[in-house]
Amino acid sequence: MTIRLLLAEDQELVRTALRALLDLEDDFEVVAAVGRGDQVVEAAREHRPDVALLDIEMPGLDGLAAAAVLAQQAPDCRVVILTTFGRAGYLRRAMEAGALGFVVKDAPAEVLADAIRRVAAGERVVDPELAAATLAAGASPLTARERDVLDASRSGAGVAEIAAKLYLSEGTVRNYFSSAIAKTGTRNRTEALRTADERGWL
C-alpha cells in the first residue's frame, strides 16, 4: 500500500531535500508540499494525504496550530511533527493538537521513514528520551493570555503597542508580564520570553 504524504516546511531547500528523500521509499508518495502553515488544510482537502509531516515554525500558522485544525477538518490525515526543536513543551502541545508522531530533523532517515509507516498504521511514535523529559517537565504554567503577551513582545514592542494589538489595557499587559516573569523564575520579560521559548511553552 502506498502512503500518501503532505509535506509542510517553510525552508525551500529543506522541503525539496525532504521530498527527494521520501520519494526514494517505494511505499511513499509525496502528493503535496507547501511552505506555509495556512496552506496545510487546503492541501489536505485537495490531495487527501494519509500522513502530514509538519514543521513547527512556519509563516501563516505554526505546525502545532495546523495540526489542531487538521484534526478537526481532515481527521483521516494523521500528523507527524518534524522539527529542529526537540523540546518537551513542544511535544506536549503536539500531542494535545492531535499529532501521533514527533520526530526531530537530525534523526536518521530510516527513523523518519519508520515513524511515518507506524503513524499511518495508527501508532503513536515519540522519542523515548523526549517523552520522559516531557513527563518530568510537567505542563506549561503560563495561561493563554500570558503566552500571547510574551509572544507579542518578540519584536521589542512596548507595553502600549502590545496592549493595542491585543485589545487590553496597559495595566493588564503589565500584570501579565509580571505573572509570566514570576512563573518562569526570571528577572524581566526578555528572560521570560527566552525561557518560555526554550521550554516550548509558546
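Residues numbered from 1 in each chain as written. Predicted model: local features only at pLDDT ≥ 70, side-chain atom pairs only at ≥ 80, totals over all residues. Heavy atoms only, no water.

K.L.:
Just checking my understanding: could you explain the overall build of the protein for this structure?
P.N.:
For the protein, the count of helices and strands is ten helices and six strands. The C-alpha atoms of the protein give 18 Å as radius of gyration, which agrees with the globular expectation for 202 residues (17 Å, within 12%). Considered along the principal axes of its C-alpha atoms, the protein spans approximately 60 × 35 × 30 Å. When each of the 202 residues of the protein is scored for burial, the buried share is 43%. Computed over 24 positive and 31 negative side-chain charges, the separation of the two mean positions in the protein equals 7 Å. (Helix = DSSP H or I, 4+ residues; strand = E, 2+ residues; numbered from the N terminus. Rg over C-alpha atoms; globule rule 2.2 N^0.38 Å. Buried < 20%, exposed > 50% of the residue type's maximum accessible area, 1.4 Å probe, protein only. Lys, Arg positive; Asp, Glu negative; His and termini not counted. Charge placed at Lys NZ, Arg CZ, Asp CG, Glu CD.)

K.L.:
Explanation requested: the nonpolar core in the structure shown.
P.N.:
Nonpolar side chains in soluble globular proteins tend to end up buried together. Of all hydrophobic cores here, the largest spans 26 residues; its most connected members are Leu6, Val40, Leu54, Leu70, Val79, Ile81 and Phe102. Look past the residues within four positions of Val79 in its chain and what remains in contact with it is Ala52, Leu54, Ala67, Leu70, Ala99, Leu100, Gly101 and Val119. Counting residues in hydrophobic clusters, the runner-up holds 20 residues, among them Leu22, Val51, Val80 and Val103. (Core = buried A, V, L, I, M, F, W, Y, C linked by side-chain atoms within 4.5 Å. Contact = heavy atoms within 4.5 Å.)

K.L.:
What exactly am I supposed to notice about the pattern of salt bridges here?
P.N.:
Note on pairing: side chains with opposite charge can pair once their charged atoms come close. On inspection of all chains with the given rule, the structure shows 13 salt bridges. For Arg145, the salt bridge identified is with Asp148, shortest N-O distance 3.4 Å. You can see Arg145 and its partner Asp148 sitting in helix 7 (residues 144-152), three residues apart, about one turn around the helix. With a relative accessible area of 29%, Arg145 lands in the partly exposed category. We note a salt bridge from Lys183 to Glu146, for which the minimum N-O separation is 3.0 Å. Here the residue Lys183 occupies a position in helix 9 (residues 170-184), and Glu146 occupies one in helix 7, the gap between them amounting to 37 residues. Residue classification places Lys183 among the partly exposed positions, given a relative accessible area of 35%. With a relative accessible area of 4%, Glu146 lands in the buried category. Each member of the salt-bridge network shares a partner with another, and the members are Glu9, Asp55 and Lys105. (Salt bridge = Lys/Arg side-chain N within 4 Å of Asp/Glu carboxyl O.)

Keep in mind these values describe shape, not function.
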